[in-house]
Amino acid sequence: MTRRYEYVCPECGNRTTREFRVPSIVRSCENDCGFDHYLRADLLAKIETVPEADRPDDWDELDNERKVYVALREGVISLPDLQ
């Protein structure tokens, strides 16, 4: 049985699965959100565990890429998580 990984649209939360594991995939969303990076669902879940006290004031306005950098800096995710 092949392992499948879930990826999430950053705009609407639409999900898709793939049989390969990468931090993100670039694709067009079926919900007309445009062409964007879908982030791997397990990585997105880890990013959201950054403690509020360690989040920058503009956390809610940050795109997922910037949130990944914050999560790396705070030790919530590590480089192996991005592979």
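To be clear, the structure that these remarks concern was listed above.
Below, the structure is looked at part by part. (Residues numbered from 1 in each chain as written. Predicted model: local features only at pLDDT ≥ 70, side-chain atom pairs only at ≥ 80, totals over all residues. Heavy atoms only, no water.)

Comments concerning the pattern of salt bridges
So, step 1. Evaluation of the coordinates by the stated rule reveals 7 salt bridges.
So, step 2. Notably, a salt bridge pairs Glu-19 with Arg-4, separated by 3.0 Å at the nearest N-O pair. Of this pair, Glu-19 sits in the loop between β2 (15–18) and β3 (24–28) while Arg-4 is found in the segment before β1 (5–8), placing the two residues 15 residues apart along the sequence.
So, step 3. In this structure, the salt-bridge partner of Glu-6 is Arg-15, at a minimum N-O distance of 2.9 Å. (Salt bridge = Lys/Arg side-chain N within 4 Å of Asp/Glu carboxyl O. Helix = DSSP H or I, 4+ residues; strand = E, 2+ residues; numbered from the N terminus.)

Some points on the environment of Tyr-38
So, step 1. Looking at the secondary structure, you find Tyr-38 in strand β4 (residues 35–40).
So, step 2. For Tyr-38 and Arg-27, which are 11 residues apart along the polypeptide, the C-alpha to C-alpha distance reads 7.1 Å.
So, step 3. A polar side-chain atom of Tyr-38 sits 3.2 Å from a polar atom in the side chain of Arg-27. (Polar contact = N/O pair within 3.5 Å; in protein donor to acceptor, adjacent residues only side chain to side chain.)

Examining unusual backbone geometry
So, step 1. Its identity as a non-glycine residue notwithstanding, Asp-32 has a phi of 60°, on the positive side.
So, step 2. Taking relative accessible area as the criterion, Asp-32 reaches 73% and is therefore assigned exposed. (Buried < 20%, exposed > 50% of the residue type's maximum accessible area, 1.4 Å probe, protein only.)

Let's talk about the packing of aromatic side chains
So, step 1. Applying the stated criterion to the full structure yields 0 aromatic pairs.
So, step 2. The ring of Tyr-38 is capped by Arg-27, whose NZ or CZ atom sits 5.0 Å from the centre of that ring. (Phe/Tyr/Trp six-rings, centres within 6.5 Å; stacked < 30°, edge-to-face > 60°. Lys NZ or Arg CZ within 6 Å of the ring centre and 35° of its normal.)

Concerning the side chain of Arg-27
So, step 1. Mapped onto the elements of the fold, Arg-27 is located in strand β3.
So, step 2. With residues near it in sequence (within four places) discarded, Arg-27 still touches Asn-14, Thr-16, Arg-18, Gly-34, Phe-35, Asp-36 and Tyr-38. (Contact = heavy atoms within 4.5 Å.)

Some remarks on the pairing of β4
Looking down a regular strand, the side chains alternate between one sheet face and the other.
So, step 1. With 2 bridges joining them, β1 and β4 adopt antiparallel strand pairing. Counted as the bridge partner of Val-8 is Leu-39 from β4.
So, step 2. Pairing analysis gives 5 bridges linking β3 to β4, with the strands arranged antiparallel. Within β4, the residue paired with Ser-28 across the bridge is Phe-35.
So, step 3. Linking two consecutive strands that pair antiparallel, namely β3 and β4, is a turn of 6 residues; a positive phi of about 60° is found at Asp-32 within it. (Pairing = 2+ DSSP bridges.)

So, helix α2 (residues 64–73)
So, step 1. For α2, the complete set of buried residues consists of Asn-64, Lys-67, Val-68, Val-70 and Ala-71. Taken down its axis, α2 places every buried residue within 165° of arc, on the same side.
So, step 2. Where α2 is buried, its residues contact β4 and α1 (41–47). (Arc of directions from axis to C-beta.)

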